[in-house]
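# Chains, contacts and geometry: an overview
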Amino acid sequence: MPESAIEQVRESLDALYRAESGRILATLIRLLSDFDLAEDAMQDAFAAALDRWPQDGVPANPRAWLVSTGRFKAIDTLRRRARFDASQEKIAEQLETEPPDGVVGEDGSVEDDRLRLIFTCCHPALAAEARVALTLREVCGLTTEEIARAFLTGAPTLAQRIVRAKTKIREARIPYQVPSPEELPERIGAVLQVVYLVFNEGYSASSGASLTRADLSAEAIRLGRLLVELLPEPEVMGLLALMLLQESRRAARTSPTGELVLLEQQNRSLWNRLQIAEGVQLVERALSSRRFGPYTLQAAMAAVHSEAVDSGATDWPQIVALYGALMQAAPSPIVELNRAVAVAMRDGPEAGLTLIDALLARGDLENYHLAHSARADLCRRLGRTAEARSAYERALTLTRLEPERRFLEKRLRELGVGSGVK
Amino acid sequence: MKYICLGYIEPGKFENLAETERNALMDECCTYDDELRKNGHFAGGEALQGPQSAATLRWQEGKASVTDGPYAETKEQLGGILILEARDLNHAIQLMSKHPGVKVGPFEIRPAADLGEMVRGSELRRAAAKTK
């Protein structure tokens, strides 16, 4: 057999793994009712493909071939184990006689399998960190080592987290199913939270291995797309829109030297127009459903910003209205703070400052650095230099992120020289 | 990706098993190794003779000198190695946790280090030295 044929098959198998392993694993777990057995079976099926396809050629439906080969491999495995553990024989027999319904699967059942897998990996009974790790490994097909690198954790720690989560799934008998309609809204919430956590892990970091971190955002968007395809609920679309619209600004939000650039100062020609167009379209679909929630509202705000040629041309009244709606859907002091900043843009710094001072007086955001830096910024605009300085200094003592520290220090230096006039 | 699995065992533990138990364990291990082999996960492996059969080579006072044994104080000694072909660390853990050998002693699983870059660097240095 020529080396080149093997090489070719290896390459197409790598691509197939990336694109289809989530689907194949999802179906095998349903067929075999065992996470670990299914994973072994899938690995064995890919190994068998590498052995056979260079001679036999790539089958017409590679996914179906891999699923049915995996199923037979699992039956083989159980048979071999039965020599030492008789109970395995019964399981093997049962698997063999069961009609292989949905092995190849009309697309409907296969798509349901993927949803089952996502809901199982994001089950609320699992620790939050474990949900993220499990989803990236089982649904996205990332290796333990890749996930560990992206999250700046050691591979052994992450491996243990995954082992424990799988044990929990087995021992707590977490069902392999899409939740009932009554449970669905809450369970979707848990899934979306995992996806957004993955996205933010890749988006907010701007130091260290920034390249692998950006890959995490791409992975989250891929997951978001998959979810929209499988479960086109308004908030699912809203989250994908939000991620796309934030991601569209990636190139503009850091300077070539790695400094943070605020929305107001960003070079908007660097924004990714394709991502914006896709995001805006999704927001419109979600909004028209009238069943939207916090993700859609945040995406809608991001869309308003995306449509403005500069900060001054932004439709601030609409942003303020959207924050008002968000405060009803998901009230929090941080949302209130953001609304105050939007009010300042609409009605002037004085109006915003009044709201922020009232908010700080309540004490909720006393230790939140962005509240103090927002206050500082409004004071600066009003020419109240001394107040601005002490607020920037307070913010500086509260933040640990290096780019933010540099940004605040820069603002402080600028205050030192001039008279506080812009 | 290759993972080196270092199997540790108390000296004499295997030898001191009753014959039927020892045979059963041996059969289980061989069966499982065959299973690994069949699915392309077994990339090599050897059992080791006891530590009393070992010679240790060390650089001392400008030359290599030999002593016997590793003189380790630990109860468990390296008893064998298995080279595993697995997709990632969790896959390796999964494969080895079903290995019957884990019942008699712990396995340490270490990913093989990729020295490709260093080896290529060395090749370049040596090639450059030759042309000088």
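Numbers given to residues run from 1 along each chain, matching the order in which its sequence is written. Just so you know, chain letters begin at A and ligand numbers begin at 1, following the order they were written in. Thresholds applied to this predicted model are a pLDDT of at least 70 for local features of residues and 80 or more for the giving and counting of side-chain atom pairs; totals over whole chains, interfaces and linings are not thresholded and use all residues. Water and hydrogen atoms play no part in the side-chain values, which are based on all heavy atoms of the structure.

All names here are of chain B. Two strands qualify as a pair provided DSSP detects at least 2 bridges between them. Secondary structure counts use DSSP, requiring at least four H or I residues in a row for a helix and at least two E residues in a row for a strand, with both numbered from the N terminus. In spatial order, the strands read β2-β5-β1-β6; together these four strands make up an open sheet with antiparallel pairing. This sheet does not close on itself; its edge strands, each paired only once, are β2 (42–47) and β6 (107–111). Averaged over all pairs of adjacent strands, the angle between strand axes in this sheet comes to 20 degrees, irrespective of strand direction. Inspection of the sheet shows strand β1 (residues 2–9) paired to strand β5 (residues 77–85) by eight bridges, in the antiparallel sense. Looking at β5, one finds that I9 is bridged to Q77. Every axis in this analysis is a line fitted to C-alpha atoms, fitted for helices over the stretch in contact. Angles between the N-to-C directions lie between 0 and 180 degrees.

With that settled, consider the side chain of D377(A). Residues and elements named next belong to chain A. Tracing the sequence through the fold places D377 in helix α17 (residues 369–381). Judged by relative accessible area, which is 14%, D377 ranks as buried. The term polar contact refers here to a pair of N or O atoms within 3.5 Å; inside protein, the definition further demands a hydrogen-donor-capable atom paired with an acceptor-capable atom, and it admits residues adjacent in sequence only when both atoms are side-chain atoms. Of note is the side chain of D377, whose polar atom sits 2.7 Å from the side chain of R380. Between two residues, a contact is recorded if the distance between any of their heavy atoms is within 4.5 Å. The residues contacting D377, other than those within four sequence positions of it, are Y392 and R411. Any residue under 20% of the maximum accessible area for its type is buried, any over 50% is exposed, and the rest in between are partly exposed; the area is computed with a 1.4 Å probe on protein chains only.

Turning to the interface of chain B and chain A, a few remarks are in order. Of the residues lining the interface, 17 residues belong to chain B; the matching set on chain A comes to 26 residues. Summed over both partners, the accessible area lost on bringing two parts together, with a 1.4 Å probe, is the buried area. Roughly 1900 Å² of surface becomes buried between chain B and chain A when both sides are summed, with 45% attributable to carbon and sulfur atoms. The largest contributions to the chain B side of the interface with chain A come from R87(B), N90(B) and Q94(B), which together make up 34% of the buried area. Within this document, salt bridges are pairs made up of a side-chain nitrogen of Lys or Arg and a carboxyl oxygen of Asp or Glu, the two lying within 4 Å of each other. Where chain B meets chain A, there are four salt bridges. Between K98(B) and D40(A) there is a salt bridge, with the nearest N and O atoms lying 3.0 Å from each other. Counting every contact that joins chain B to chain A gives 16 residue pairs in polar contact (both at pLDDT 80 or more). Broken down by secondary-structure element, the contributors of at least two residues to the side of chain B that touches chain A are α1 (19–38) and α2 (89–97) of chain B. Sorting elements by how many residues they give to the side of chain B that touches chain A places α2(B) first, with six residues. Looking at the side of chain B that touches chain A residue by residue, the classes come out as four nonpolar, six polar and seven charged. Think of it as three bins: nonpolar holds Ala, Val, Leu, Ile, Met, Phe, Trp, Tyr, Cys and Pro, charged holds Asp, Glu, Lys and Arg, and polar takes everything else, Gly as well.

Residues and elements named next belong to chain B. With respect to the helices, strands and loops of the structure, L78 is situated in strand β5. Sequence-wise, L78 and L48 are 30 residues apart; in three dimensions their C-alpha atoms are separated by 7.6 Å. For L78, the contacting residues outside a window of four places in its chain are L6, G7, Y8 and L48.

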